[in-house]
Each structure stands twice: as structure tokens, then as C-alpha cells.
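# Overview (structure and organization)
Each chain, written out:
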Amino acid sequence: MKETQTMETSKTDIAQTERICGSEAIIKCLIAEGVDILYGYPGGAIMPVYDELYKYRDEIHHVLTRHEQGAAHAAQGFARISGRVGVAMATSGPGATNLITGIADAQIDSTPIVCITGQVPSHLLGTDAFQETDIIGISTPVTKWNHQVTKASEIPEVLAKAFYIAKSGRPGPVLIDITKDAQFGELDFKYEKCTGVRSYIPTPKTNVESVNAAANLINAAKKPMIVWGQGVILGEAEAELKAVIEKTGIPSAWTIMGASAIPTSHPLNIGMVGMHGNYAPNKLTNECDVLIAIGMRFDDRVTGDLNTYAKQAKVIHFEIDPAEVNKNVHADVAVLGNSKDSLSQLLPLLNENTHIEWLQEFKDLYAIEFDKVIKSDLHPTKEGLTMGEVLKEINVQSKGDAAIVSDVGQHQMIACRYSEFNKTKSNITSGGLGTMGFALPAAIGAKMAAPEREVVAIIGDGGYQMNIQELGTIFQQKVPVKIVVLNNEFLGMVRQWQQLFFDKRYASTEMTNPDFVTIAKGYHIEGKRVVKREELADAIKEMIASKESYFLEVCVEKEDNVFPMIPSGASVSDIRLS
């Protein structure tokens, strides 16, 4: 892609040209883009940039993570809670490749991050030089855009484009690889923010006829249902969605990535769809007559068997990315554009309604789920602790105002099902890629981006050990995150599948764990281990009250399963309660 001639000079632009080296230009570009926190790990090929960063340390706070993957996930957490672009930096070779998991996670979850990597000098490209990898080739499938800079003069324009592409339209990760000679080279520096790129249309124009067609279908519907996703949060359309829901009285469900856009307690919030979502919205997806999808992509974990998914319904798809329309589910009406704009246009065309009888069907099925699943999750009668009651107590102590950063596995499903969210941008998790090791570094980024918020990381004992080294980052940076490890001594989600579908052959899923509390204390982080129910409330109260970082290990039932559950490849109608 090449930049258009349309450029806009903002207040943060450098007004006059100055002669500087490429490394300093990189730092000045970041400052011009409002970057004040940067996550990274130095090395030989990026060392010139770090040398310049040292001079600007009062303007950009660099966070030395303990692994480059941690830097990428921290940048994600920063972006997800703030709506700003997160930034991560690494050296060439293994430093760059260690970013890839976080980049791939950001790509599938539409998270705006810019990753800067150092590279060997341009004359050594392609020679298998020390710590040389083709990071452009490696990252191409998992970036929204990437580019290799070999001349210092290219740096301002390329970085301006990087930030524009990362944040605009459907957000995503951008990687800029900069050779060492470009970092040392000089240029006449002037920075102009990018406002457009030729052939790139980040936000399609909403078609009036499509909005009218959507409104007509919704107004005529007897059993309409809304499923919203992260596109509502990314589009800052929470108020517009709430207005649509309340005017029409339509029962409304959410994907994992859409959680918290509407408060959990809202009477028309009918819960989560998907493999471990709530019984009613999954079951009644195949009974609604109009399915309104807003900012979601019909992921396989939501739809189950596509051959049986909502075949009886007219489908309306509100979506910013044209590539997602008709990709998995045929849309009878597609409304392209930013969700805030399109819902604003839709709202005045909608009739006021209540759908009381239809909503009652959801309430009836919820009562069944409560009796068979939720009651035992949140109010267990057995001796062992459940993951659900831990989340219930966190809700009580945090009053539903905490941002919950969850890892991947059973605890993630429990956290999404049972967390109470009063505020948007409160559910931060790895959705599409399902990256174990995400939560601890992402919680660091989230807390640093929103220090006024309580940030609680919910992690399984397996995923915790994938990036446990980031306790060192928490200690050094004094980041007051709260860490809760739900320890069942298993890779719980895999074990559940082995129990249900592989005749309890627990192949390589049982964990022999270390003393987590002692490890936390080794990093000077206060910690406690809970094994009895009567200890739980006081421990969580102490954790939430702490002004510093805090580690809490809760030993839960080893072989508890997460229900409801839609078996892989099954219809949403086949959702199981046990």
C-alpha cells in the first residue's frame, strides 16, 4: 500500500525539519503519536533505538518485560482497556519471533498494536547473519500490515502509516522491521500524522437502503434476537446498542469478546453464546425469526454446526469488515460501517416494542440452567471449592467494577460466564487464538493503561506457568495487579474433553505444580493459598483491599467440568447441561 497525498498536520507534529539519526526519529515518532508507555526487550539489532530511548526516558516509560511474548501481550492489554494503540519492541531473530504469538493473538482479536523490531544491517539481509530472521515473511499472515525499513528517511512516513492502519477501521497489529543501518543513518526529520492510505478504506460507508431493510425486518419480527461482539466496544457503540435494545425490547446475547459492552445486570442481557455459553441464547438461536449480529464474526465456537445454525431466521449482519460478511453465515441484510454510526442510523427507524412472551422463553430456560448448572457452580454443597464461587466472591468484593483479565481454559469460561461487569472494556481475554500465557502480561498492560481501575487476572495453573516470569516485571515496575490462580492440578479444559470424549484417558494433562506462593514471595509479591471455603471471602477481601500487587492461589476441585457445553461440531441446539 502507498500513502495518499492527503496528509493532515496535527498539534503533535514536529513543525520544522531537523537533522537527526533514524533511532531518534523512531522515538520522536512515538512521542508524536502520544505513546508514553512502551513494552520491550533490548538486543543487538535494536540497541541504537534503546540508546536514544534512554535520552527520552522522561517522556516514554519503557517496561522491560521478561520475555518478548510478554511485551506483545502487555501491549494488547494496554490497548484493550484503553482503546489506544499498544506498542512493543524487540530485537531481531529470536526477539522478533518471540513476538509472533502476541501478534497473531492481536490479529484474530482485532487489537491495535504496533510492534517495532530491529534487523541486521541491510547489506547482510539474506545472508543468514547472526540473529537474522525474515520477520516480514514470518509475520505477513498474522499482521494487518508490515513493512521493512532500510533507509532512515523512510522512518517517519512508515511509522505514521503504521499507527493509522493499526487503529483505523477494524483494528489490528502492525509490524515495522528496521535495519540497523537505517537506525544509525541520518535524515531531515519532520513528522506528519497519516490520515489516509491509497486503496485502503478502513470504514465502509453505511448504505441507507440496508439500514432501512434491517429496520423493516426488525420491526416485523416476532422473535428477534441480538448477538453482539467486540465490534460494539471497538466502535464505541455501547450507548447506541443499549438504546436499540431498550427501544425494541429484544433479548440480547454476547460473544466472549463482546462481554461488558452492556452491564451484566441489564434485564435484556440474556447471557453468553458459544460452546460454554448460556443455555437459553444458544438453544433459542435456532428458534428466533430474525437474528441481528452486531460486530461479531460468526466464529465456529459461536455457531457450532453451520449446517444447522439459525436456518429458520433472517440474518442481519452489522459489520465493519466486508470480508466477514457471508464468510460463515449468509446475511439476508448486511449493514457495513462502524457500529456506532450504523446503529445511530437504525435507532430512529425502529418501533418501540417489548417482546414479553419471547423474553419469557429465555427466562424459562435460564431457570433450567440455574437449577442444573449455575446453582452448583455458585452455591456448591460439596466440600471442594468451585471456580464459580471464587468469581462470585470477586464480584462481591469488587462490586462488579473490576476489569477481569482471563487466560485460556476452564477458568476463562467460568470468568466470562460469572463475572459481573458494570463498565465496558472490563473483559480482557484471548478469544480467537486461545493463547495460554496471555493473562499475566496482559494484566500488566491493562493496569498500566488504567491505573484507576482494579485489574484482576484469573489464570489456570497451566497457563500461569507459561509466562510466570512476568512476575519480575510486576515486581520491578511495581504494578499493583491482583493475580488469582485457580489451581486444579490439571490442564483443565483438555482434561474435560478427555473425560467426556476419550474415556478418561488423561494423557499428559495432570500437573505437578511448584509452591506458587513461595515463588510470588520470591518476587516480593504478597501471596496466600486458600484450600477451604471458610478462608475464601477474607482472602479475596484482603486481595482487593491491597494497594500493591497480590497473589492468591485457590485450590479448586480437580475434576470439575464447565457446563453448559456444545460438543465440537454439534448444533447449538445440542447444548448439554451435564
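Residues numbered from 1 in each chain as written. Predicted model: local features only at pLDDT ≥ 70, side-chain atom pairs only at ≥ 80, totals over all residues. Heavy atoms only, no water.

With an unreviewed UniProt entry as reference, the protein is termed Acetolactate synthase, source organism Flavivirga algicola. If you open the UniProt record of the protein and go to Catalytic activity (unreviewed entry), you find "2 pyruvate + H(+) = (2S)-2-acetolactate + CO2". (UniProt positions renumbered as here; feature names shortened; annotations may be inferred.)

To continue, consider the domain arrangement of the protein. According to the domain assignment, the protein consists of domain 1 (6–189), domain 2 (208–362) and domain 3 (383–555). Taking the mean C-alpha position of each, domain 1 and domain 3 sit 30 Å from one another. Buried area between domain 1 and domain 3, summed over both chains or domains, comes out near 2,000 Å², and the portion from carbon and sulfur atoms is 62%. Together, Arg 66, Arg 80 and Ile 81 form the three largest contributors to the area buried by domain 1 at its contact with domain 3, with a combined 35%. Among the secondary structure elements, those contributing two or more residues to the side of domain 1 that touches domain 3 are strand S2 (37–40), strand S3 (61–64), helix H3 (68–82) and helix H5 (100–108). Here the side of domain 1 that touches domain 3 gets 10 residues from one element, more than from any other, and that element is H3. For the side of domain 1 that touches domain 3, a count of residues per class yields 9 nonpolar, 12 polar and 4 charged. (Domains from an automatic or database assignment. Buried area = accessible area lost by both parts, 1.4 Å probe. Helix = DSSP H or I, 4+ residues; strand = E, 2+ residues; numbered from the N terminus. Nonpolar A, V, L, I, M, F, W, Y, C, P; charged D, E, K, R; others polar.)

Another aspect to go through is the UniProt feature "domain: Thiamine pyrophosphate enzyme central" (unreviewed entry) in the protein. In the numbering used here, UniProt assigns the feature "domain: Thiamine pyrophosphate enzyme central" (unreviewed entry) to residues 211–346. Helix makes up 33% of residues 211–346 and strand makes up 20%, while its end C-alpha atoms are separated by 6 Å.

Our focus in this paragraph is the environment of Thr 91. Positionally, Thr 91 belongs in the loop between strand S4 (86–90) and helix H4 (94–97). For the pair Thr 91 and Met 47, spaced 44 residues apart in sequence, the C-alpha separation works out to 7.8 Å. Beyond its immediate sequence surroundings of up to four residues, Thr 91 is in contact with Tyr 41, Pro 42, Gly 43, Gly 44, Ala 45, Ile 46, Ala 96, Thr 117 and Gly 118. Polar contacts involving the side chain of Thr 91 include one to the main-chain amide nitrogen of Ala 45, which spans 3.1 Å. (Contact = heavy atoms within 4.5 Å. Polar contact = N/O pair within 3.5 Å; in protein donor to acceptor, adjacent residues only side chain to side chain.)

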